[in-house]
Amino acid sequence: MNAPRSYVWRSVWRGAAGIVTAVILWETFARSGIFSRALTPELKAIAVTLYSLIADGSMVKNAAFTLWRVLLGLFVASVIGVPLGMLMARYRAWERFWLPLVSVLMPIPTLAWVPLFILWFGIGDLATTLVVTYAATFPMIYNTWTGVRSVNPIWVRAAVSMGAGQHAIFRKVVFPGSMPYIITGLRLAFGRAWIAVIGAELLASPTWGVGRVIFDAKEFLDSEVMLAALVVIGAMGLLFERVVFQKLERYTVTRWGMLAPPRV
Amino acid sequence: MDQTIQVRSITFEYESDKGRVLAVENVSFDVADGEFLCILGPSGCGKTTILNMLAGFLTPTRGEILIGGRPVAGRGQDRGVVFQDFAQLFPWRTARRNVEFGLEMRGVADAERRETALKFLRLVKLEKFAESYPHELSGGMQQRVAIARALAYNPAVLLMDEPFAALDAMTRDEMQKQLTEIWQATKKTVVYITHNVAEAVYLADQILVLAAHPGTVKARLRFDLQRPRDPLSAEFVAAQRELLGHLQH
């Protein structure tokens, strides 16, 4: 797991190469004069705006609100999705009852619900967080359900032969045994939650949030702020994918040999 | 603890799309306390079905199984099971915590659990790998952990379903030697399924030869060879020949 330093750097460089290329393309496009400078600001202007937004604390607060909603939604989604997915996979009756419902609700784009959620829960925090929760719940249910069905039956047999009851089988065999899928579910749920939160913030307009920043900036045709906010959204997503989820995988399923480590 | 097994004319039938299939018909045998029984037969003779009935994974259609004088009702900690598949260990638990599982189910306290697990890992010569995860161990080592795990909660009998069949020949020889030592050290009653004649002669006190379709008992043999057994000795080879004769007719 401890790759030699040169490999780590090579991977960072390779990863960075794509981003650097995109940045150069943007810069060329911005300076080409196809659009006015006001609409396609060059990199330096975005960086200056981003810096000032961070320096005055507003972007940090906005990002914190957005992230909080995502994490809260993800948490609630896991609390609902993991047990429900497990019950559906283990008990026929649960599966018959819930699966059609899940299958119907899952493909509905979360944002299609936002106007209704606003009507039901009003504009602001509650509607936004509920939208995020909704978006994140289905990947959790679906992946846990799949994960449980992928659990090697011999583990359950072995556990049963050692005297495990239903409860112990759930907690000590089925749950860890479906971890690779549950973590993938978390990843997908995070991605969906992240998309949903920005959209919900645009539409349900709570006071704070990165989506709100973009929405407000539109009113003033402030493309620099809008792009700075996009940079923040991308960076936070990358941070979670690279740091949180990869770490989580490394210390669980990769360590247990249930998932190959990511290629350097 | 009474560690005897009595199997009284068990039959196992199941429903398939081709109608009722008779997998095992009227099989009876006894295993004495501390005895090593091998069930030998070609594939399709129902030997795994018999083991699954002993383990309580399947219920005989007719007949009765007594372990320690009591009828088998479902699954229980009076039996330890070792499967053929290396994947039987829990990949998310270290070797030690795999061995602790049965004790955990019984509610044994942390420290005692740990101590017992280490004792059994020592018995299978894997105390150095106590904190390794299964995927870091070789196939033979994984099977030894599985044996330690099945013994750790002190079941009356150990049921083994071709545990070494997927190992290479050299490792298998070593494992058979170690299993004999473990069995002598723990004095457990063992039922061991195999389709390998030499393995049966090497391990068993009593050998049950089965015929296939349906599984019925064809012969019951005992070879009183001194342990550790020498597979190159004249008695060993003679025993193998006799056993092979029973299998082929």
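Criteria and thresholds
- Residues numbered from 1 in each chain as written.
- Chains lettered and ligands numbered in written order.
- Predicted model: local features only at pLDDT ≥ 70, side-chain atom pairs only at ≥ 80, totals over all residues.
- Heavy atoms only, no water.
- Helix = DSSP H or I, 4+ residues; strand = E, 2+ residues; numbered from the N terminus.
- Buried < 20%, exposed > 50% of the residue type's maximum accessible area, 1.4 Å probe, protein only.
- Contact = heavy atoms within 4.5 Å.
- Areas by Shrake-Rupley, 256 points an atom, 1.4 Å probe, with all protein chains shown as cover.
- Lys, Arg positive; Asp, Glu negative; His and termini not counted.
- Charge placed at Lys NZ, Arg CZ, Asp CG, Glu CD.
- Buried area = accessible area lost by both parts, 1.4 Å probe.
- Salt bridge = Lys/Arg side-chain N within 4 Å of Asp/Glu carboxyl O.
- Polar contact = N/O pair within 3.5 Å; in protein donor to acceptor, adjacent residues only side chain to side chain.
- Nonpolar A, V, L, I, M, F, W, Y, C, P; charged D, E, K, R; others polar.
- Pairing = 2+ DSSP bridges.
- Right-handed = clockwise from strand over helix to strand, strands pointing away.
- Arc of directions from axis to C-beta.
- Phe/Tyr/Trp six-rings, centres within 6.5 Å; stacked < 30°, edge-to-face > 60°.
- Lys NZ or Arg CZ within 6 Å of the ring centre and 35° of its normal.
- Axes fitted to C-alpha atoms, helices over the stretch in contact; angles between N-to-C directions.

Engineer: Tell me about the overall build of chain A, and please be specific about residues and values.
Structural biologist: Across its full length, chain A carries eleven helices and zero strands. Overall size of chain A, expressed as C-alpha extent along the three principal axes, is 70 × 55 × 30 Å. Going through the 264 residues of chain A one by one, you find that 43% of them count as buried. Looking at chain A alone, contacts between residues at least 24 apart form 73% of all its contacts between residues at least 6 apart. Surface summary for chain A: the accessible area is close to 14300 Å², and the carbon and sulfur share equals 70%. Within chain A, the 12 negative side-chain charges are centred at a point lying 18 Å from the centre of the 24 positive side-chain charges.

Engineer: Would you mind going over the interface of chain A and chain B in detail, with residue names and values included?
Structural biologist: Contacts between the two partners involve 21 residues from chain A and, on the opposite side, 24 residues from chain B. Between chain A and chain B, roughly 2000 Å² of surface is buried when both sides are summed, and carbon and sulfur atoms account for 68% of that area. Put simply, Lys172 of chain A and Glu104 of chain B hold a salt bridge, and the shortest N to O gap is 2.5 Å. Linking chain A with chain B are eight residue pairs in polar contact (both at pLDDT 80 or more). Broken down by element, the side of chain A that touches chain B gets its largest block of residues, seven residues, from helix α7 (residues 153–161) of chain A. For the side of chain A that touches chain B, the class distribution of residues is twelve nonpolar, six polar and three charged.

Engineer: How would you sum up the pairing of strand β7 (residues 157–161) of chain B? Please name residues and give values.
Structural biologist: Residue and element names in this part refer to chain B. Buried residues dominate β7, accounting for five of its five residues. Both faces of β7 are covered, namely the face carrying Val157, Leu159 and Asp161 and the face carrying Leu158 and Met160. In the sheet, strand β6 (residues 79–82) pairs with β7 via four bridges, with the strands oriented parallel. Bridging across to β7, Val81 finds its partner in Leu159. Sheet topology places β7 next to strand β8 (residues 189–194); five bridges connect them, and they run parallel. Bridging across to β8, Met160 finds its partner in Tyr192. Where the polypeptide runs from β7 across helix α5 (residues 169–186) and back to β8, its parallel neighbour, the crossover connection is right-handed.

Engineer: I'd love a proper account of helix α5 (residues 114–121) of chain A, names of residues and values included.
Structural biologist: Residue and element names in this part refer to chain A. Along α5, the residues classified as buried are Val114, Phe117 and Ile118. The buried residues of α5 all sit within an arc of 105 degrees when viewed along its axis, so they share a single face. Facing away from the buried side of α5 by more than 90 degrees, the exposed set consists of Leu119 and Trp120. Where α5 is buried, its residues meet α6 (125–150) and α9 (179–204). Positive phi appears at Gly122, one or two residues downstream of α5, with a value of about 80 degrees.

Engineer: So what's going on with the packing of aromatic side chains? Residues and values would help.
Structural biologist: Residues and elements named next belong to chain A. Applying the stated criterion to the full structure yields 26 aromatic pairs over all chains. An angle of 90 degrees between the planes, with centres 6.3 Å apart, marks the rings of Trp120 and Phe121 as edge-to-face. An aromatic cluster is built from Trp113, Phe117, Trp120, Phe121, Tyr134 and Phe138, whose rings are joined through pairwise contacts. The lysine or arginine in question, Arg90, covers the ring of Phe170, its NZ or CZ lying 5.8 Å from the ring centre.

Engineer: Provide a residue-level description of the sheet that holds strand β10 (residues 216–222) of chain B, including the pertinent values.
Structural biologist: Residue and element names in this part refer to chain B. Spatial ordering of the open sheet is given by β6-β7-β8-β3-β9-β10, a layout of six strands whose pairing is mixed. Each having just a single partner strand, β6 and β10 make up the two edges of the open sheet. Taking the axes of each pair of neighbouring strands and ignoring which way they run, one obtains an average angle of 20 degrees across the sheet. As judged from the four bridges shared by strand β3 (residues 36–40) and strand β9 (residues 206–211), these two strands associate in the parallel manner. Pairing of Leu37 across the sheet is with Gln206, part of β9. Running at roughly 150 degrees to β7, helix α1 (residues 47–55) makes contact with β3, β6, β7, β8 and β9 of the sheet. Where helix α4 (residues 139–152) meets the sheet, its contacts fall on β6 and β7, and the angle it forms with β6 comes to roughly 170 degrees.

Engineer: Outline the pattern of salt bridges, listing residues and values.
Structural biologist: Residues and elements named next belong to chain A. Scanning all chains against the criterion turns up 23 salt bridges over all chains. Where Asp125 meets Arg69, a salt bridge forms, and the shortest distance between an N and an O atom there is 2.7 Å. Of the two residues, Asp125 sits in helix α6 while Arg69 sits in helix α3 (residues 58–90), which places them 56 residues apart along the sequence. By relative accessible area, which is 39% here, Asp125 ends up partly exposed. Overall, Arg69 belongs to the buried group, its relative accessible area being 2%. Taking the shortest distance from any N to any O, the salt bridge between Glu201 and Arg69 comes out at 2.5 Å. Taken together, the residues span a long stretch of sequence, with Glu201 in helix α9 and Arg69 in helix α3 at a distance of 132 residues. Of the two residues, Glu201 and Arg69, neither departs from the other in class, the shared state being buried.

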